[in-house]
Amino acid sequence: AMTCYQQVFGGQLHLMPISESSMKAKFPEALQSQILHGRLEHGNFVILASEMCGMGELKKGNSIRSKTMANNAAQNCSFISSTTSLPFG
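Parameters at a glance
- Residues numbered from 1 in each chain as written.
- Predicted model: local features only at pLDDT ≥ 70, side-chain atom pairs only at ≥ 80, totals over all residues.
- Heavy atoms only, no water.
- Helix = DSSP H or I, 4+ residues; strand = E, 2+ residues; numbered from the N terminus.
- Buried < 20%, exposed > 50% of the residue type's maximum accessible area, 1.4 Å probe, protein only.
- Contact = heavy atoms within 4.5 Å.
- Areas by Shrake-Rupley, 256 points an atom, 1.4 Å probe, with all protein chains shown as cover.

### Re the overall build of the chain
At step 1: Looking only at helices and strands, the chain has two helices and four strands in total.
At step 2: Listing each helix as α and each strand as β along the chain from the N terminus yields α-β-β-β-β-α.
At step 3: For the chain, buried positions account for 24% of its 89 residues.
At step 4: Long-range contacts, defined as pairs at least 24 residues apart, comprise 46% of the intrachain contacts of the chain with a sequence gap of at least 6.
At step 5: Surface exposure of the chain reaches about 6,100 Å², of which carbon and sulfur atoms provide 55%.

Below you can see the structure in the form of structure tokens.
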């Protein structure tokens, strides 16, 4: 989803898989390719994301966590409105 957001909004995308983190030894091999932390920065907007939903199985409802940051509430509301039809996954 983060690469899709980058294509839509532009900006600088930073992705950190578990395998490149200092915590990699705490995770099984099967999870090493998952994104521990993703960050897309564009102008006043920052989108943070992670593929981590815990060590359990993926269930509907535990697969999306997002955070948006903007300089003010109006910018945040505008951004959220513009992304409601984008894929989250």
